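This is what each chain is made of:
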Protein chains: 2
Amino acid sequence: MQRILRINTATREIVDTPVAGDQLLLGGRAMTSGFLLREVPAACHPLGPFNKIIFAVGPLAGTLVSSANRLSVGAKSPLTGGIKESNAGGMLAYKLGRLGLRAVILEGRPAEGDAWQILHIDARGVRLTHAPPELAGVGVYEKSRVLFAKYGARAGLALIGPAGEQRLLCAGVTCTDPEGIPSRYSGRGGLGAVLASKGIMAVVVDDSAAPKEKMADQAAFAAGLRQVAALIAATPQTSEVYRKFGTSAMLSTTNALGALPVRNFSRGTFEKAGSIDGSALYNAIIERGGEGNPSHGCMRGCLIKCSNIFPGKDGKAVVSPLEYESIGLLGSNCGIGDLDAIARLNHACNDMGVDTIDTGAAIAVAMEAGLAPFGDAEFAEKAVKGIISGEILSRVIGSGAEMTGKILGQYRVPTAKGQSMAAYDPRSVKGTGVTYATSAMGADHTAGNTTRLQVKQTEKQGQVGNAKKAQAGIMLLDSLGLCIMLGAAVKDMSLIIGLVNARFGTSFTLAEAETLAARALDDERSFNRKAGLGPPSDRVAEFFYLEKNPDSGGIYDFTPEDFLELTGGR
Amino acid sequence: MQRILRINTATREIVDTPVAGDQLLLGGRAMTSGFLLREVPAACHPLGPFNKIIFAVGPLAGTLVSSANRLSVGAKSPLTGGIKESNAGGMLAYKLGRLGLRAVILEGRPAEGDAWQILHIDARGVRLTHAPPELAGVGVYEKSRVLFAKYGARAGLALIGPAGEQRLLCAGVTCTDPEGIPSRYSGRGGLGAVLASKGIMAVVVDDSAAPKEKMADQAAFAAGLRQVAALIAATPQTSEVYRKFGTSAMLSTTNALGALPVRNFSRGTFEKAGSIDGSALYNAIIERGGEGNPSHGCMRGCLIKCSNIFPGKDGKAVVSPLEYESIGLLGSNCGIGDLDAIARLNHACNDMGVDTIDTGAAIAVAMEAGLAPFGDAEFAEKAVKGIISGEILSRVIGSGAEMTGKILGQYRVPTAKGQSMAAYDPRSVKGTGVTYATSAMGADHTAGNTTRLQVKQTEKQGQVGNAKKAQAGIMLLDSLGLCIMLGAAVKDMSLIIGLVNARFGTSFTLAEAETLAARALDDERSFNRKAGLGPPSDRVAEFFYLEKNPDSGGIYDFTPEDFLELTGGR
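Residues numbered from 1 in each chain as written. Chains lettered and ligands numbered in written order. Predicted model: local features only at pLDDT ≥ 70, side-chain atom pairs only at ≥ 80, totals over all residues.

Enquirer: Looking at this structure, how should I read the relation of the copies chain B and chain A?
Expert: The two chain copies are connected by a rotation around an axis plus a translation along it. Overlaying chain B on chain A yields an RMSD of 0.0 Å, the required transformation being a rotation through 180° with an accompanying axial translation of 0.0 Å. The superposition of one copy onto the other is thereby described by a two-fold rotation axis. Comparing interface residues between copies, 100% of those in chain B also sit at the interface in chain A, which points to an isologous, same-surface contact. (Least-squares fit on C-alpha atoms with pLDDT ≥ 70 in both. Contact = placed C-beta atoms within 7 Å.)

Enquirer: Looking at this model, I keep getting lost on the sheet that holds strand β4 (residues 71-76) of chain B. Mind explaining?
Expert: Two strands in a sheet stick together by hydrogen bonds in their backbones, pointing the same way (parallel) or opposite ways (antiparallel). Residues and elements named next belong to chain B. In space, the six strands of this open sheet follow the order β2-β1-β6-β3-β4-β5, with mixed pairing throughout. Looking at strand neighbours, the two that pair on one side only are β2 (14-18) and β5 (83-88), the edges of this open sheet. For this sheet, the mean angle separating the axes of adjacent strands, direction not counted, is 15°. Sheet topology note: the β4/β5 ladder contains six bridges and is antiparallel. Each bridged residue has a counterpart across the sheet, and for S72 the counterpart in β5 is N87. Of the strands in this sheet, β3 (53-57), β4, β5 and β6 (101-107) are in contact with helix α1 (residues 28-39), which crosses β4 at around 20°. (Pairing = 2+ DSSP bridges. Helix = DSSP H or I, 4+ residues; strand = E, 2+ residues; numbered from the N terminus. Axes fitted to C-alpha atoms, helices over the stretch in contact; angles between N-to-C directions.)

Enquirer: Looking at this structure, I do not really get the nonpolar core. What am I missing?
Expert: The tendency in soluble globular proteins is for nonpolar side chains to be buried as a group. Counting 375 residues, the largest nonpolar core has A202(A) and A202(B) as the members making the most contacts within it. Setting aside residues up to four positions removed in sequence, A202(A) forms contacts with I118(A), A131(A), K143(A), L147(A), L157(A), A158(A) and L159(A). (Core = buried A, V, L, I, M, F, W, Y, C linked by C-beta atoms within 7 Å. Buried ≥ 20, exposed ≤ 12 C-beta atoms within 10 Å, placed from the backbone.)

Enquirer: Is there a simple way to explain α1(B) in this structure?
Expert: Owing to its 3.6 residues per turn, the α-helix aligns residues three or four sequence positions apart on the same side. All names here are of chain B. The end-to-end C-alpha separation of α1 is 16 Å, in line with the 16 Å expected for 12 residues at 1.5 Å each. In terms of residue burial, α1 counts as a mostly covered element, since nine of its 12 residues are buried. Among the residues making up α1, those that are buried are G28, R29, A30, M31, T32, S33, G34, F35 and L36. (Expected span 1.5 Å × (residues − 1).)

Enquirer: Even after reading the chapter, I still don't get the interface of chain B and chain A, so can you show me in this structure?
Expert: Note on interface size: it is often stated as the accessible area lost on association of the parts. Each partner contributes to the interface: chain B provides 28 residues, whereas chain A provides 28 residues. Those elements giving two or more residues to the side of chain B that touches chain A turn out to be α15 (392-397) and α16 (401-407) of chain B. For the side of chain B that touches chain A, the element with the most residues is α15(B), which contributes four residues. In the side of chain B that touches chain A, the residues fall into 14 nonpolar, eight polar and six charged. (Nonpolar A, V, L, I, M, F, W, Y, C, P; charged D, E, K, R; others polar.)

Enquirer: Hey, could you run me through the sheet that holds strand β9 (residues 155-159) of chain B in this one?
Expert: Residue and element names in this part refer to chain B. Strand order in this open sheet of six strands is β8-β7-β12-β9-β10-β11, and the pairing throughout is mixed. Each of the sheet's edge strands pairs with one partner strand only, and the pair in question is β8 (125-130) and β11 (182-186). Strand-to-strand twist of the sheet, defined as the mean angle between neighbouring strand axes without regard to direction, takes the value 25°. By the bridge criterion, four bridges tie strand β10 (residues 173-176) to β11 in an arrangement that is antiparallel. In the strand pairing of β11, T174 is matched with Y185. Against the sheet, helix α3 (residues 140-151) engages β9, β10, β11 and β12 (200-206), with an angle of about 145° to β9.

Enquirer: Would you take a moment to explain the confidence of the model for chain A for this structure?
Expert: For chain A, the mean per-residue pLDDT works out to 97, and 100% of the residues sit at or above 70. Reported confidence for the predicted complex is 0.97 by ipTM and 0.98 by pTM. (pLDDT = per-residue confidence, 0-100.)

Enquirer: Help me understand the environment of A369(A) in this model?
Expert: Residue and element names in this part refer to chain A. As for its placement among the helices and strands, A369 is situated in the loop between α13 (356-368) and α14 (377-385). A369 gets classed as partly exposed once you count the C-beta atoms within 10 Å, which come to 19. Every residue in contact with A369, bar those within four places of it in the chain, is listed here: L408 and Q410.

Enquirer: Which parts of the structure should I look at to understand the pairing of β5(B)?
Expert: The side chains of a regular strand alternate, first on one face of the sheet and then on the other. The buried fraction of β5(B) amounts to six of the six residues, a majority that puts the element mostly inside the structure. Alternating residues of β5(B) divide into I83(B), E85(B) and N87(B) and K84(B), S86(B) and A88(B), and every residue in both groups is buried.

Enquirer: Explain unusual backbone geometry to me, please; I cannot follow it from the model alone.
Expert: Trans peptide bonds make up most of the peptide bonds, and negative phi angles are found at most residues other than glycine. Residue and element names in this part refer to chain A. The omega angle of the peptide bond from S320 to P321 is -5°, so this bond is cis rather than trans. You can see P321 is positioned in the loop between β15 (317-319) and α11 (324-331). Unusually for a residue other than glycine, R12 sits at a positive phi of about 65°. With respect to the helices, strands and loops of the structure, R12 is situated in the loop between β1 (3-8) and β2 (14-18). You will see that S67, though not glycine, has its phi angle at about 65°, which is positive. By the element assignment, S67 lies in the loop between β3 (53-57) and β4 (71-76).

Enquirer: Explanation requested: the pairing of strand β14 (residues 307-311) of chain A in the structure shown.
Expert: All names here are of chain A. In terms of residue burial, β14 counts as a mostly covered element, since five of its five residues are buried. Every second residue of β14 is oriented toward a common face, with S307, I309 and P311 on one face and N308 and F310 on the other, all of them buried. Examined bridge by bridge, strand β13 (residues 293-296) and β14 share two bridges and lie antiparallel to one another. Across the sheet, N293 pairs through a bridge with I309, a residue of β14. Where β14 and β15 come together, two bridges link them in antiparallel fashion. When the sheet's bridge partners are listed, F310 is paired in β15 with V319. Connecting β14 to the next strand, β15, in antiparallel fashion are five residues, including G315 with a positive phi near 85°.

Enquirer: Looking at this model, I keep getting lost on the packing of helix α11 (residues 324-331) of chain B against helix α12 (residues 339-352) of chain B. Mind explaining?
Expert: Packed helices, taken two at a time, are described by the angle their axes make and the gap between the axes. All names here are of chain B. Look at α11 against α12: their axes get within 10 Å of each other, and the N-to-C directions meet at 105°. With respect to each other, α11 and α12 are oriented roughly perpendicular. Facing S326, I327, L330 and G331 of α11, the residues of α12 in contact are I342, L345 and N346. When the residues that make up the contact of α11 with α12 are grouped by side-chain class, the tally is four nonpolar, three polar and no charged. (Parallel < 35°, antiparallel > 145°, perpendicular 65-115°, else oblique.)

Enquirer: So what exactly am I meant to see when it comes to the packing of helix α6 (residues 218-234) of chain A against helix α19 (residues 494-504) of chain A here?
Expert: Residues and elements named next belong to chain A. Put simply, α6 and α19 touch, their axes get as near as 8 Å, and they point 155° apart. The angle between α6 and α19 places the two elements in the roughly antiparallel class. For the pair α6 and α19, the sense of crossing is left-handed. In this structure, α6 contributes A220, F221, G224, L225, Q227 and V228 to the contact, and α19 contributes L495, G498, L499, A502 and R503. Here the residues of the contact of α6 with α19 are counted per class, giving seven nonpolar, three polar and one charged. (Left-handed = near helix turned anticlockwise from the far one by under 90°.)

Quick look at the structure:
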């Protein structure tokens, strides 16, 4: 039986309720957004007692179906002021799924000054215990070492870094991967600050005593699982491109489109792209050997293995993973064209517990404001690492590009709804630009990216429709707990619905799933409208409307009327 | 003939148009808000080319009618993201009025990196000239010395400090008083940052060659002027209380009501109130003598003289004026109970060019976050003075309480619409609390203060109506260019309308003026709604709804439905 766990962090009351009916079909983002709309007053303070932070997994979590163990984390965002969901890989969703948990909802707020807590979940039950005092103020790598020593290597962790403890607006929640590395980030929107506001420093999930699950139709489930594997193997994008280059395969594409962020979105093509693209990354990993690995899986059962372990010249791991968005924002967008410097910066962001995207965008804004020249990796690393001691500049940077821009009086700040853009220029990939403006999530590439469509990307015509379709598709994936990468191999999601039915003995249809996913998109817009983020907030930073991207020639030319097709004016 | 001057700061085009019809009646806030609604796209970036900054005076500006020479400054606010008007005394409105100018509208935006400009206006015309290089990065006291040396003592100045140059969100625009002291601040909402974004460092207005004005009905005008003077003289509040204690007369009232902000709005009564109230201030000025003056007029013609010059122990002027809001926010709200320390802090805020209200609130938030203990005046002064060298902490503080709270991960941040509250606790003076939530201006006491009403201030009943009436009344004063203090003496505004008619030969009625003022309030709400600040933004910080003020026993208990009577749900 699948259950939802509800924990009041003020009263310490714990309630465990079964998942029934429709709720069995979708989980993940549809579930976090649905609960938030129904239970959280939209106008509440994100760090106050009325907000909730919700961990939710998809209907196949806990199984070995490839790429089906994403963890959604949702809350009202302290960064955007709107609804937020950010999902990541790692081991937590798998372990929650093995324990039969579809969602964990943290409510209320402990008194100011109460000790940090660890939320511990295993087959015997749920406990809130005082965190070991040595956890406070240290990075997530050290935190995870302490926690594994205490709870054993079979535990899966979700935790916050010093940025979360300081409730910075770009603090993330990270999960450990199969090797126990705590770097699978739900990085966007400041969810780490919300977890901190609940007094929770880490969630420890131990599934070692979980009973073996009996599928409703074991044979059908096994057949479906094999079919997913076969599709991944038969699709070059998943079995070759992603496995070899991971997400960084994207860089040469965006660089060619003039869509790579370069020096605070002032250009779309980077003169050092060849030093930081997928091939450069792959070659460095292979040549250096040692602990390096170009094809690393971030969760149990994954056959795509788009993650990697990036080694230094000495072969020792520097960071895992090193991904396209981090390279784009911490690299080219800061004028930094050196993978080693970017990897160190990425590791520092991970360790401090901040979103690499918003942090990279913030550093570039600070560079444009004159705090350091573009390309100054030393400044960037010092700014990030200063979070641990609460340096004010570091807190500003860790509060994201929007806040950094305001503090430094800047006009060119690449955000939408207060959140920095991912590594796609909205003038050069206009469909993604439409998503940045219209998604309830803010400037989030994972909310509906159109970069891989075979269309003229700077052409306005048709892009609102493309974005609408992409947003609907990604909501379905996010709500089924699926990795976005799987979409390249599994085109017909009926296969996934069949697996859900084989697991639970249900008879859901893809049409039902799509209807619920569409409703979840509506839920998100409803929440935002009630939070004060209605249609006037559906826009990107003004400079994109006025400055042509010199490399793509694109300009952001969407009007509020253009978006009606997608938003219905709501 | 009254005229409106329109200057495009990008093209340097200057257009001068006559004021006609209805526009002759109201000026000030009704004019700035009307132009903003009609001409500025509400969703624009406040520091970008689409925003405009408008200086507007009332219909009696340039005459010697007491208290009728306020200067309204309006723009889309970088602090709130909504419409903003902030008015102050000083000499600029008088001089603009003498030159026949009802408003000066600055549009467009010069190219990044263009030299700072001085806007010079006299009877011969209007010129934009390069600012002397030594003006950049220095405080307003030094700036005004340089400008008076260059333009002569007959000039009136409006200028920005280093905070404005850095485009901080709480940068104000200050005007010089009759003695040339540059400390009459349109402090709220970051208007100094907007003026800076237009490349303008100072506006110099010289009326020395202005022709003598011929009133349409000189006898009626003189009679009305005398009648205003007689009412001021016959009203103890204006002729005695304000003249002796100025605005600081308010402190003992709010302290008694439990409405004085104390240590980041954690109490409403201050144990050191007796050291900083109106009597303490008056006695210190009288005892110290020297340059001190308890009854100083900030503009030509003023008979109330609520301003003061506060001297140090050596008799030398420390700051002028030292007002209630500054004492409340920089003083009790920071736990500082020493007038000398508060006066130094106030001078530092003036010199840097930041709003004392939002800066005081920000310092208290930083103190609560642990950056310094409450009462640490040295920390506070260093934080403010650091603006001149662009210290990051100082930039954060100068960006106001809302930003400081976000950067420091704080929950208890006393703001509405992103702007910090003035020195009235919204739980203890509930009518003013309603204004904080519902005014388009954010948490602004001058938008409709009900503290002087003879009602039970912690009682909810009737307060929405009280606030509505106060908001309408203040809009009329603001749009007639009148000082709020005059309202205590002149109860029937027909007298003022009569003066307008005597000046221009018109036949306006008070009813017409009230209709236009009501329309201006609608204009402001319309602008905000289009800017994305609709009804969901009509609230105060969450903690006021949850924490009782321990001294008044009041809690903030208004719901969105309660406000419908005032807002009509728009």
